[in-house]
Amino acid sequence: MSGDEEGDDVSDAESEEEDEANLLPIERKAKKLRQKEVVDKQLAQEELDMNIKQTEVYKLPSGQDISRDSNLAPDLELLKQRIRDIMQVLGDFSSRRDSGTSRQSYVSQLRTDLCTYYGYNEFLMEKLMEIFPQDIIEFLEANEIDRPVTIRTNTLKTRRRDLAQALINRGMNLDPIGKWSKVGLVVYDTQVPIGATPEYLGGHYMIQGGSSFLPVMALAPQQHEKNLDMAAAPGGKTSYMAALMQNTGTIVANDKNKARLKAVIGNLHRMGITNSVITNSDGKDIIKYANNFDRVLLDAPCSGTGVISKDQSVKANKDEVDIAKCSQLQRQLLLTAIDCCDAKSSSGGYIVYSTCSILVEENEQVIDYVLKKRAVKLVSTGLDFGKEGFSQYKYHRFHPSLKHTRRFYPHTHNLDGFFVAKLKKLANMEGAADERVTDEPMAAEPMETVDSEPVTETTKATTKAARKSKPSKSSPKKKQWNRLKKIEKMGRQKKLQSQETSGSTGNTSRKRKHLK
């Protein structure tokens, strides 16, 4: 641009300013209105063009295009736009579908694109799309963002208000986590390390995810109770239980991993917990030396599909076999937890089951299974937020009381994905330990034979008569007495075998225990 042209532009601008200054106030307002009308027309035209585009029929790429693109590096912008287009088609399928393309084809292409864009495997993406048919994008995007750092106040040593003020003075920016918790704080940013402040080292707070508060709140342990934390590491839930119990009663904190128990010991010492006993045992075997608890908390090992933001490897590593193994282990642990609880407890008899997974196979299916195996019922968790658990899912129809369970999602509640269920034990079942170990129909034991004699009604009558006059050890009829005892045992075992063949597994295990 030449100097003359620059001078002309400056002079034009100056002249416009002079004209603007010479206009009357009403004229300036009219000019602004005309400018606003022009802008509004442009926006209306853009919106009209967008609506026309949204109502257009969207066609999926051909097989040749897909095969060609598969040999190249994925174009993320193209994938993102195609995901949006397919989601719009599925939202208004009747008007935007291609007449020659089925819904299944659109869903299949969407699943493939989501796997490529976000890095999931086909199996896990299919499961997630079944749980979140409408808001799958929001869930996947939430997993790409870290959850807020939260801390829990140790009420045994301080109050939340005093702790917040002390940490603000040290350069932390924090707020209460929400109305649902009286001890939680969320830390937005800090000028000092959260895990190295004098307050942390003095045990005034615990760095703990907000979703980990929920199982303990649902359990609601009371003072002077004997409670069990079956999977205690790293000690956050155990210390919260102790704070609610005000360091009274007894807590058995168990974990299978001996190395992780070091963190439990350190945290309990730092937090000033004095009512806990730490054990190192497989959760399935803990009933052998510890039972009759008032309340039991089981935060079960799981696939971790609710905490993908913390462990991105879950996206590609979890498959159907891993989920099946987790589900089987969770069933065994929950049956053990129920058996460890005392239904006759005056203040308790409650079991809380929780996982950091959102899959139905690890949550509702596990609860529905134990409802059929034990004398328990679901009760309200006492949590006033969260989504209800599924009472029906695909072709599954669960017990209607599963509406009492609660689900928490990262894109809805800004917490890690979590599941919480609370069970009330109604009766202590005899023989439940034998059933818990195998969880399979017990095979019939081989029958004993005594001189190949069949068991007849005459034999039974003779046996009953002999039992009324049991001989002493010095009696000459001792051999005959032993023989009659064997015949009686053989008859019972034959009856036991017939019952097992008809499928009455639970009754069989109880009769065996009685026989022993």
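The structure under discussion appears in the preceding block.
Structural notes, computed from the coordinates.

### What to know about unusual backbone geometry
- Here the amide bond leading from Ala233 into Pro234 is cis, since omega sits at 5 degrees, within 30 degrees of zero.
- Look at Lys394: it is not a glycine, yet its phi comes out positive at around 55 degrees.
- Relative to the elements of secondary structure, Lys394 occurs in the loop between β12 (392-393) and β13 (396-397).

### Digging into the pattern of salt bridges
- Counting across every chain of the model gives 15 salt bridges.
- Across the pair Arg374 and Asp339 runs a salt bridge whose closest N-O atoms are separated by 2.9 Å. One end of the pair, Arg374, is in the loop between α16 (364-373) and β10 (376-379); the other, Asp339, is in helix α15 (residues 320-340), and 35 residues separate them in sequence.
- Of the charged contacts in the structure, one is a salt bridge between Arg407 and Glu364, with a shortest N-O distance of 2.8 Å. Of this pair, Arg407 sits in strand β14 (residues 406-408) while Glu364 sits in helix α16, placing them 43 residues apart in sequence. Of the two residues, Arg407 and Glu364, neither departs from the other in class, the shared state being buried.

### So, the sheet that holds strand β2 (residues 172-176)
- Spatial strand order, β2-β3-β1-β4: 4 strands in an open sheet with antiparallel pairing. Each edge of the sheet is formed by a strand with only one pairing partner; in this case those strands are β2 and β4 (205-207). With strand direction ignored, the average angle separating the axes of adjacent strands in the sheet is 35 degrees.
- Inspection of the sheet shows strand β1 (residues 149-153) paired to strand β3 (residues 184-190) by 4 bridges, in the antiparallel sense. Bridging across to β3, Ile151 finds its partner in Leu185.
- Packed on one face of the sheet, helix α9 (residues 160-169) meets β1, β2, β3 and β4 and runs near 160 degrees to β2.
- In this fold helix α13 (residues 261-271) packs onto β1 and β4, with an angle of close to 155 degrees to the strand it touches most, β4.

### Quick word on the packing of helix α6 (residues 103-118) against helix α7 (residues 122-131)
- It is at 10 Å that the axes of α6 and α7 come closest, and there the two elements cross at 120 degrees. Put simply, α6 runs oblique to α7. Where α6 crosses over α7, the two elements pack in a sense that is right-handed. Each of Val107, Leu110, Arg111, Thr112, Leu114 and Cys115 in α6 lies in contact with α7, whose residues at this interface are Glu122, Met125, Glu126 and Met129.
- Of the residues belonging to the contact of α6 with α7, the class tally is 6 nonpolar, 1 polar and 3 charged.

### Describing the environment of Ser105
- Tracing the sequence through the fold places Ser105 in helix α6.
- There is a polar contact of 3.1 Å between the side chain of Ser105 and the side chain of Ser102.

### Structural notes on the pairing of strand β8 (residues 295-299)
- For β8, a buried count of 5 out of 5 residues is recorded, marking the element as mostly surrounded by other parts of the structure.
- Here strand β5 (residues 226-229) pairs with β8 via 3 bridges, running parallel. What sits directly across from Leu228, in β8, is Val296.
- Relative to strand β9 (residues 350-355), β8 is paired through 5 bridges, and the arrangement is parallel.

### Notes on the side chain of Ser357
- Within the element layout of this structure, Ser357 appears in the loop between β9 and α16.
- In this structure the side chain of Ser357 is engaged in a polar contact, spanning 2.8 Å, whose partner is the side chain of Glu362.
- Residues within four places of Ser357 in sequence aside, it is in contact with Cys302, Ser303, Thr305, Gly306, Glu362, Asn363, Gly417, Phe418 and Phe419.

### Description of the nonpolar core
- Counting residues in hydrophobic clusters, the biggest one holds 59 residues, and the most contacted among them are Leu114, Leu140, Leu334, Ile367 and Leu423.
- If you tally residues by element for this core, the top one is α15, at 7 residues.
- Those residues within four positions of Leu334 in sequence are excluded, and the remaining contacts are Leu298, Ile351, Tyr353, Val366, Ile367, Val370 and Leu423.
- Formed by 28 residues, the second largest nonpolar core is a distinct cluster that contains Leu219, Ile251, Phe385 and Val420.

### Topic: the environment of Met125
- Considering the arrangement of structural elements, one finds Met125 in helix α7.
- By relative accessible area, which is 0% here, Met125 ends up buried.
- If sequence neighbours within four positions are ignored, Met125 has contacts with Arg111, Leu114, Cys115, Tyr120 and Leu140.

### Details of the packing of aromatic side chains
- The final tally for this structure, using the stated rule, is 10 aromatic pairs.
- Between Phe132 and Phe139, the aromatic rings sit 4.5 Å apart at their centres with planes inclined by 20 degrees, giving stacked as the arrangement. There is no split in this pair, since Phe132 and Phe139 are both buried.
- On the basis of an interplanar angle of 35 degrees and a centroid distance of 5.2 Å, the ring pair of Trp180 and Phe385 is categorised as tilted. Placement of Trp180 in the loop between β2 and β3 and of Phe385 in the loop between β10 and β11 (387-388) is noted, with a sequence separation of 205 residues between them.
- Each residue in the set Trp180, Phe213, Tyr240, Phe385 and Phe408 is aromatic and connected to the rest through ring pairs, giving one cluster.
- Lying over the aromatic face of Tyr350, Lys422 brings its terminal NZ or CZ to 4.6 Å of the ring centre.
- Between Lys424 and the ring centre of Tyr350, over which it is positioned, the NZ or CZ distance is 4.6 Å.

Conventions adopted
Residues numbered from 1 in each chain as written. Predicted model: local features only at pLDDT ≥ 70, side-chain atom pairs only at ≥ 80, totals over all residues. Heavy atoms only, no water. Helix = DSSP H or I, 4+ residues; strand = E, 2+ residues; numbered from the N terminus. Salt bridge = Lys/Arg side-chain N within 4 Å of Asp/Glu carboxyl O. Buried < 20%, exposed > 50% of the residue type's maximum accessible area, 1.4 Å probe, protein only. Pairing = 2+ DSSP bridges. Axes fitted to C-alpha atoms, helices over the stretch in contact; angles between N-to-C directions. Contact = heavy atoms within 4.5 Å. Parallel < 35°, antiparallel > 145°, perpendicular 65-115°, else oblique. Left-handed = near helix turned anticlockwise from the far one by under 90°. Nonpolar A, V, L, I, M, F, W, Y, C, P; charged D, E, K, R; others polar. Polar contact = N/O pair within 3.5 Å; in protein donor to acceptor, adjacent residues only side chain to side chain. Core = buried A, V, L, I, M, F, W, Y, C linked by side-chain atoms within 4.5 Å. Phe/Tyr/Trp six-rings, centres within 6.5 Å; stacked < 30°, edge-to-face > 60°. Lys NZ or Arg CZ within 6 Å of the ring centre and 35° of its normal.

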